[in-house]
Amino acid sequence: MKDLVEVIAKALVDLPDEVVVTEKETDKAIVIELKVAPSDMGKVIGKQGRIAKSIRSVVNAASSKEDKKVIVDILQ
C-alpha cells in the first residue's frame, strides 16, 4: 500500500523528491502517512478534497483482500 500511495503522490506533485510516505501497522488498521512539500499540498488535496478522497478510494480498493482497514493521512 505504501508504494501505491507513493507512486500516485509523486505523479501529482511538482517536487517528487520531497514526497515521504510512512506506514504504521496496528492490530486493526494500517495507517499510511503522506507528507509533501507545502507548495504541493493543494495538488494532493484538490478542490474540496476530491483528489485526497480519490487516493483513499484507490487504496481501499487495493486493500480489499486484507482484513485490516487502511487509513491514509495527509500531513503538513
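Residues numbered from 1 in each chain as written. Predicted model: local features only at pLDDT ≥ 70, side-chain atom pairs only at ≥ 80, totals over all residues. Heavy atoms only, no water.

Student: Help me understand the nonpolar core, please; the structure alone is not making it clear to me.
Tutor: One recurring pattern in soluble globular proteins is that nonpolar side chains are buried together. Counting 15 residues, the largest nonpolar core has Val19, Ile32, Leu34, Val36 and Val59 as the members making the most contacts within it. Looking at this core, the elements that each hand over two or more residues are α1 (2-12), β2 (29-35), α2 (41-45), α3 (50-62) and β3 (69-75). Take this core: its biggest share by element is three residues, from β2. Once you skip the residues sitting within four places of it in the chain, valine 59 turns out to touch Met1, Leu4, Val5, Ile32, Val70 and Val72. (Core = buried A, V, L, I, M, F, W, Y, C linked by side-chain atoms within 4.5 Å. Buried < 20%, exposed > 50% of the residue type's maximum accessible area, 1.4 Å probe, protein only. Helix = DSSP H or I, 4+ residues; strand = E, 2+ residues; numbered from the N terminus. Contact = heavy atoms within 4.5 Å.)

Student: Mind showing me how you'd approach unusual backbone geometry here?
Tutor: Of all residues except glycine, most have a negative phi; of all peptide bonds, most are trans. Although it is not a glycine, glutamine 48 sits at a positive phi angle of roughly 55°. Considering the arrangement of structural elements, one finds glutamine 48 in the loop between α2 and α3. Among the residues examined, glutamine 48 registers a relative accessible area of 73% and is labelled exposed.

Student: So what exactly am I meant to see when it comes to a negative patch on the surface here?
Tutor: A cluster of acidic residues, Asp3, Glu23, Glu66 and Asp67, forms a negative patch at the surface. Relative to the helices and strands, glutamate 66 is located in the loop between α3 and β3. (Patch = residues over 30% accessible without salt bridge, like charges linked within 9 Å, V, L, I, M, F, W, Y side chains within 5 Å. Areas by Shrake-Rupley, 256 points an atom, 1.4 Å probe, with all protein chains shown as cover. Salt bridge = Lys/Arg side-chain N within 4 Å of Asp/Glu carboxyl O. Lys, Arg positive; Asp, Glu negative; His and termini not counted. Charge placed at Lys NZ, Arg CZ, Asp CG, Glu CD.)

Student: Help me understand α3 in this model?
Tutor: Along an α-helix, a turn takes 3.6 residues, which lines up residues three or four apart on a common side. If you check α3, its first and last C-alpha atoms are 18 Å apart, about what 13 residues at 1.5 Å a residue would give, namely 18 Å. Restricting attention to buried positions, one finds in α3 the residues Ala52, Ile55 and Val59. Each buried residue of α3 sits inside an arc of 60° when the element is viewed along its axis, so together they form one side. Of the exposed residues in α3, those oriented more than 90 degrees away from the buried face are Arg50, Lys53 and Ala61. Elements in contact with the buried residues of α3: α1, β2, α2 and β3. (Expected span 1.5 Å × (residues − 1). Arc of directions from axis to C-beta.)

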